[in-house]
Amino acid sequence: MGQRTEDEAVVTIGNAGGAGRGATCVRASLPFLPVLLLAAAIVYDCLTPADFTAAPLFTAAPLVASFLYSLRGTVLTAAVAVLAVAAIHAGFGVMSNIDITTELMTVGTVAALAVLINVLAGRAGARLASVRHIAEAAQRAVMPQPAERVAGLDIAARYEAAQDWAAIGGDLYAVQDSPHGVRLVLGDVRGKGISAVSVVAVVIGAFREAAEQEATLGAVAQRLERALAREGGRRHDQDSAEGFTTAVLAEIPHGNALVRLVNRGHPAPLLLYEDGSLRVLEPSEPALPLGMGELGRWPERAEEAALPYGATLLFHTDGLSEARDRHGEFYDPAARLAGRTFSGPDALLRFLAEEVARHTGGRATDDLALLAVRRPHRPRS
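Along each chain, numbering runs from 1 in the same order as the chain's sequence is written. Given that this is a predicted model, residues contribute local features only at a pLDDT of at least 70 and side-chain atom pairs are listed and counted only at 80 or more, while totals for whole chains, interfaces and linings are drawn from all residues. Where side-chain values are given, they derive from all heavy atoms of the structure, hydrogens and water being excluded.

As for the overall build of the protein chain
- Broken down by element type, the protein chain carries twelve helices and eleven strands.
- Throughout, exposure labels follow a simple rule: accessible area from a 1.4 Å probe, protein chains only, divided by the maximum for the residue type, with under 20% read as buried, over 50% as exposed, and the rest as partly exposed. With 381 residues in all, the protein chain has 43% of them scored as buried.
- Accessible surface is estimated by sampling points in the Shrake-Rupley manner with a 1.4 Å probe; for residues, cover comes only from the protein chains shown. Looking at the protein chain as shown, the accessible area adds up to about 19,500 Å², and 59% of this sits on carbon and sulfur atoms. Here a strand is any run of E in DSSP of at least two residues, a helix any run of H or I of at least four, and the numbering for each starts at the N terminus.

Written out as structure tokens, the structure is:
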């Protein structure tokens, strides 16, 4: 009783998304706006005396079309606007009137400008698409998508950029099978842009090497600390001097129903059980983020938690827990996920991405990285 499945969760999103449906209807009707403007202008000019003019509507139509239509559609709208003005006034027999001439020149000039705007916007859009493709390629190179199954564990990862044009930022994740078990890291680099991406590359590269070589998870964390210290010493910009990376590292030993965690100032992972119950894996002792080791020393002891069959570990960046709605309320993943069950890690991450988009109204201000690991049911003998 009280348990909800992922399908029921999707229904909840749909019922709560009236505002979202309204926004969808508005977006769907936008392509018809230039046509409606032209129709309104023609009706107005035909039904009013010759001294009245619908020039503002005729000029608005091609301008709106330049942002909504292709070049061909914009040219067609501009031509219809100019020809409609000429035809209407020819019908009234007042083509020689100086005001009508001025109106024709105004509509024609704005129509030409609308076509020019469309051409320039198309070029800018092509450049933006090229930049996005390059960024996506960089993301795949620096932070490749993990396999769906690693050493018997079901894996899913998801990256959601706050801006559509920014495909990668300072959030990171990596999964590595090693002689010591499946090891993973999820973190958030302070800062944005190229400098943050370079730190992401350093952290992931150091993690993959350390995950294979170090006997303990604490030693892996220390290798990441040293790697960030070297990076900070190599670079001399302000971001490097003041930079740090929050991260949580995990180790799931082969054949053992447990997980070991080292948390360096990162939001606590969630452990979702098969029956819908949930546990927040808060560290017993807080630790500073990676890159701030000179401010304090503490033993890097991993903490253990049971990981039974059917349970799922959820790791996330603060793009999830600090997502705000229009009232400034934070999204609470523990409260939203309690009592729910999911068919697999991918279904869980898809649900969270939809929930955050609904919660923020599509106005997320921070990137979001999610990583889910499920220990499947015990195989039947």
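A few points about helix 12 (residues 345-360)
- Here helix 12 is 16 residues long and its end C-alpha atoms lie 23 Å apart, about the 22 Å a rise of 1.5 Å per residue gives.
- Where helix 12 is concerned, the buried positions are Pro 345, Ala 347, Leu 348, Leu 349, Phe 351, Leu 352, Ala 353, Glu 355, Val 356, His 359 and Thr 360.
- Among the residues trailing helix 12, Gly 361 stands out with phi positive, at a value near 65°. To estimate how far a helix should extend, the number of its residues minus one is multiplied by 1.5 Å.

A few points about the environment of Ala 247
- Of note, Ala 247 is situated in strand 5 (residues 245-252).
- Exposure remark for Ala 247: the relative accessible area of 1% places this residue in the buried category.
- Linking Ala 247 and Val 189, residues 58 residues apart in sequence, is a C-alpha distance of 8.6 Å.
- Beyond its immediate chain neighbours, meaning those up to four positions away, Ala 247 contacts Val 185, Leu 186, Gly 187, Val 262, Asn 263, Arg 264, His 266 and Leu 290. Throughout, a contact is declared for two residues whenever any of their heavy atoms are within 4.5 Å.

Topic: the packing of aromatic side chains
- Each pair of aromatic rings taken from Phe, Tyr and Trp, with Trp reduced to its six-membered ring, is defined by centres within 6.5 Å and is described as stacked if the planes are under 30 degrees apart, edge-to-face if over 60, and tilted in the remaining cases. In this structure the tally under the stated criterion is one aromatic pair.
- An angle of 50° between the planes, with centres 5.3 Å apart, marks the rings of Phe 342 and Phe 351 as tilted.
- When its relative accessible area of 4% is taken as the criterion, Phe 351 is described as buried.
- Lysine and arginine charges are scored as sitting over a ring when NZ or CZ, respectively, is within 6 Å of the ring centre and within 35 degrees of the ring normal. Geometry around Tyr 309 places Arg 375 over its ring, the cationic atom sitting 3.9 Å from the centre.

A word on the pattern of salt bridges
- Any Lys or Arg side-chain nitrogen found within 4 Å of a carboxyl oxygen on Asp or Glu counts as a salt bridge. For the structure on display, the rule yields twelve salt bridges.
- Glu 209 is the salt-bridge partner of Arg 223, the closest N and O atoms lying 3.6 Å from each other. Linking Arg 223 in helix 8 (residues 217-234) with Glu 209 in helix 7 (residues 193-213), this pair joins segments that are 14 residues apart in sequence.
- What you see here is one network of salt bridges that share partners, running through Arg 183, Glu 251, Arg 260 and Glu 304.

Looking at the sheet that holds strand 4 (residues 181-189)
- Strand pairing is defined by DSSP finding a minimum of two bridges between the two strands. Read from one edge to the other, the open sheet built from five strands follows the order 3-4-5-6-9, with strand pairing classed as antiparallel. Each edge of the open sheet carries a strand with a single partner, namely strand 3 (171-178) and strand 9 (303-306). Direction aside, the axes of adjacent strands within the sheet are offset by 20° on average.
- Strand direction decides the pairing type here: strand 3 and strand 4, joined by eight bridges, are antiparallel. Axis definition: a line fitted to C-alpha atoms, limited for helices to the stretch in contact. Angles are taken between N-to-C directions and run from 0 to 180 degrees.

Things to note about unusual backbone geometry
- Even without being glycine, Ala 151 reaches a positive phi, approximately 50°.
- Considering the arrangement of structural elements, one finds Ala 151 in the loop between strand 1 (149-150) and strand 2 (153-160).

Focus on helix 3 (residues 33-47)
- Here helix 3 is 15 residues long and its end C-alpha atoms lie 21 Å apart, about the 21 Å a rise of 1.5 Å per residue gives.
- Among all positions in helix 3, only Pro 34, Leu 37, Leu 38, Ala 41 and Asp 45 are buried. Looking straight down helix 3, one finds its buried side chains confined to an arc of 95°; they lie on one side. Away from its buried face by more than 90 degrees, helix 3 exposes Leu 36 and Leu 47. Working definition: the arc comes from the directions between the helix axis and the C-beta atoms, pointing outward to the latter.

Observations regarding the nonpolar core
- The nonpolar core is taken to be a set of buried Ala, Val, Leu, Ile, Met, Phe, Trp, Tyr and Cys residues, with the residues joined through side-chain atoms within 4.5 Å. By size, the foremost hydrophobic cluster in this structure holds 49 residues, and its most contacted members are Leu 172, Tyr 173, Phe 207, Leu 249, Leu 313, Phe 315 and Leu 371.
- Element by element, the count of residues in this core is highest for helix 7, at nine residues.

As for the sheet that holds strand 1
- The antiparallel open sheet is built from six strands, whose spatial order is 1-2-11-10-7-8. Strands with a single pairing partner mark the edges of an open sheet, and in this sheet they are strand 1 and strand 8 (278-280).
- Bridge count between strand 7 (residues 270-272) and strand 10 (residues 312-316): three bridges; the pairing is antiparallel. By the bridge assignment, Leu 270 is partnered in strand 10 with Leu 314.
- Strands strand 2, strand 7, strand 10 and strand 11 (368-374) of the sheet are contacted by helix 12, whose axis makes an angle of about 20° with strand 2.

Considerations on the confidence of the model for the protein chain
- On a range of 0 to 100, pLDDT expresses the predictor's confidence in each residue. The share of residues in the protein chain with pLDDT of 70 or more is 79%, and the mean pLDDT across the chain is 83.
- For the protein chain, the element scoring lowest by mean pLDDT is helix 1 (residues 6-16), at 43; strand 7 scores highest, at 97.
- Below a pLDDT of 50 lies the segment residues 1-19, which in the model reaches 24 contacts outside its immediate sequence neighbourhood of four places, other chains included.

Some remarks on the side chain of Thr 246
- Within the secondary structure layout, Thr 246 lies in strand 5.
- A residue is classified by how much of its surface remains accessible, and Thr 246, at 14% relative accessible area, is buried.
- What qualifies as a polar contact is a pair of N or O atoms within 3.5 Å, subject to a donor-acceptor requirement within protein and to the restriction that residues adjacent in sequence count only when both atoms come from side chains. A polar contact is formed between the side chain of Thr 246 and the side chain of His 266, at a distance of 2.9 Å.
- Contact partners of Thr 246, with chain neighbours within four places excluded, come to Leu 186, Gly 187, Asp 188, Arg 264, Gly 265, His 266 and Pro 289.

Focus: a nonpolar patch on the surface
- Patch building starts from residues that exceed 30% relative accessible area and form no salt bridge, then joins like charges within 9 Å and nonpolar side chains (Val, Leu, Ile, Met, Phe, Trp, Tyr) within 5 Å. On the surface, a cluster of nonpolar side chains totalling about 1,000 Å² of accessible area is made up of Leu 30, Phe 32, Leu 33, Leu 36, Leu 63, Phe 67, Leu 68, Leu 113, Leu 116, Ile 117 and Leu 120.
- Sorting the residues of the nonpolar patch by element identifies helix 3, helix 4 (55-68) and helix 6 (98-142) as the ones contributing at least two each.
- Per element, the largest residue contribution to the nonpolar patch is four residues, and it comes from helix 6.
- Here Leu 63 lies in helix 4.
- Overall, the relative accessible area of 33% leaves Leu 63 in the partly exposed class.

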